[in-house]
Amino acid sequence: MKSHRSAHAPALRLVDAESQADGDVRDPSPNGVRDAEADEDVDVDVGAEFGDELDLEEEALAAAAERAAAGELDAASEDALRQWLQRRLSAYLKPGHRARIIFTDNVHTMLSVKRGQGVYTLRMHRMFAAAPPAVLRAVARYAQSQDREAGVLLRRYIDGNEHLIRDAERPRSQQLDTQGAHFNLQELFDGLNARYFGGTIEAKITWGPRARRKPGRESIKLGSYSIEERLIRVHPVLDAADVPRFFVEWIIYHEMLHEVHDMPIVDGRRVYHTPEFRRAEALFDRYAEAVLWERTQVHKLLDR
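Each residue is numbered by its place in its chain's sequence as written, counting from 1. Predicted model: local features are reported for residues with pLDDT of at least 70 only, side-chain atom pairs are reported and counted for 80 or more only, and whole-chain, interface and lining totals are derived from all residues. Side-chain numbers here rest on the full set of heavy atoms in the structure, without hydrogens or water.

Student: Could you give an account of the side chain of E249, with specific residues and numbers?
Tutor: With respect to the helices, strands and loops of the structure, E249 is situated in helix α6 (residues 245–260). Assessed through its relative accessible area of 9%, E249 is described here as buried. Throughout, a residue-residue contact means that at least one pair of heavy atoms, one from each residue, lies within 4.5 Å. The contacts of E249, once residues within four sequence positions are left out, are L188, L192, R195 and F284. Helix and strand definitions here come from DSSP, where helices need a minimum of 4 consecutive H or I residues and strands a minimum of 2 consecutive E residues; each element is numbered from the N-terminal end. The classification of residues rests on relative accessible area computed with a 1.4 Å probe and restricted to protein chains. Under 20% of the type maximum is buried, over 50% is exposed, and intermediate values are partly exposed.

Set out below in structure tokens:
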């Protein structure tokens, strides 16, 4: 959905993950515009202001939502609010489906929806942080069925909140998605950081994009570490009931090691896994189990 700042009429977008890879979302409107900032993510540290259970009165949540909509809420509290909104939206979806919200500061596309793997991924302008229940229900209805009346209500809500749309030149924050259906990456990261690194690892962590599976693929990259961003990405295929917790921790631990071990350039090539790195890997308390599980079970993940 676009703001009326655009020269074109607002358009809602609904994209099936099965038909397009994440990051290649196309607007069905012939005049559609997709912002580059839609792919940005934000750092979060869950629960600072809200607490893990979000036991706040509606008035406090509403006040926090207003601050989030204006971009005035700290990252940790905004993420707690986002997870609260995800649970509310999920309650309006069909059984077995859940919502994944990513706030943006886009100036054209205010709301886009993508469906896949039982998850509705909603990239929405942070103005929706303060959306009343009727608007959230409209978001859910449109995500599931492109309901026309819901679309009209959403356009009205966007038009009424144009003052919250920021200029494109304004600095943008990042947002991470840490809560999966089976694992909370931030929780696992924090535990590993305390047990193995004395809390010194500063990297951020997020689930990676839910890209379309490539037919016949023979390998899969389960984790990555970005030096420039200090960002760990974990493949969402690991967010499954049959994947052991210790194996997800092993993948995270491996990527955390990249922050503390040098990656020298030898003969013109960067060496990511030095002998020191490999020795540190073996310090993981369930190292042998993790290696065995990867060798014997990871092939099952290739077709997901």
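Student: Give me the layout of surface pockets: which residues, what numbers.
Tutor: If you add up the space inside the largest pocket, you get close to 450 Å³. Counting residues per element, the ones that place at least two in the lining of the largest pocket are β6 (223–226), α6 and α7 (275–281). For the lining of the largest pocket, the element with the highest residue contribution is α6, accounting for five residues. Gly is put with the polar residues, along with every residue not named as nonpolar or charged; the nonpolar set is Ala, Val, Leu, Ile, Met, Phe, Trp, Tyr, Cys and Pro, and the charged set is Asp, Glu, Lys and Arg. When grouped by side-chain class, the residues that make up the lining of the largest pocket number nine nonpolar, five polar and five charged. Of the grid points, spaced at 1 Å and generated over the protein atoms alone, those admitting a 1.4 Å probe that cannot get out make up cavities, while open sets with protein on both sides within 12 Å along at least five of seven lines make up pockets; any residue with an atom within 4 Å of a point is treated as lining. Grid points are joined across faces, edges and corners, and a volume is the space filled by probe spheres set on the points.

Student: Tell me about the packing of α6 against helix α8 (residues 287–297), and please be specific about residues and values.
Tutor: Running from N to C, α6 and α8 cross one another at 100°; their axes reach a closest spacing of 9 Å. In terms of their interaxial angle, α6 and α8 are classed as roughly perpendicular. For the pair α6 and α8, contact is made by F246, F247 and W250 and by Y287, E289, A290, W293 and E294, respectively. Classifying every residue of the contact of α6 with α8 by side-chain character gives six nonpolar, no polar and two charged. Under this scheme, a helix contributes an axis fitted over its contacting stretch, all axes are lines through C-alpha atoms, and angles between N-to-C directions fall in the 0 to 180 degree range. Orientation labels follow simple angle bins: below 35 degrees gives roughly parallel, above 145 gives roughly antiparallel, 65 to 115 gives roughly perpendicular, and whatever is left gives oblique.

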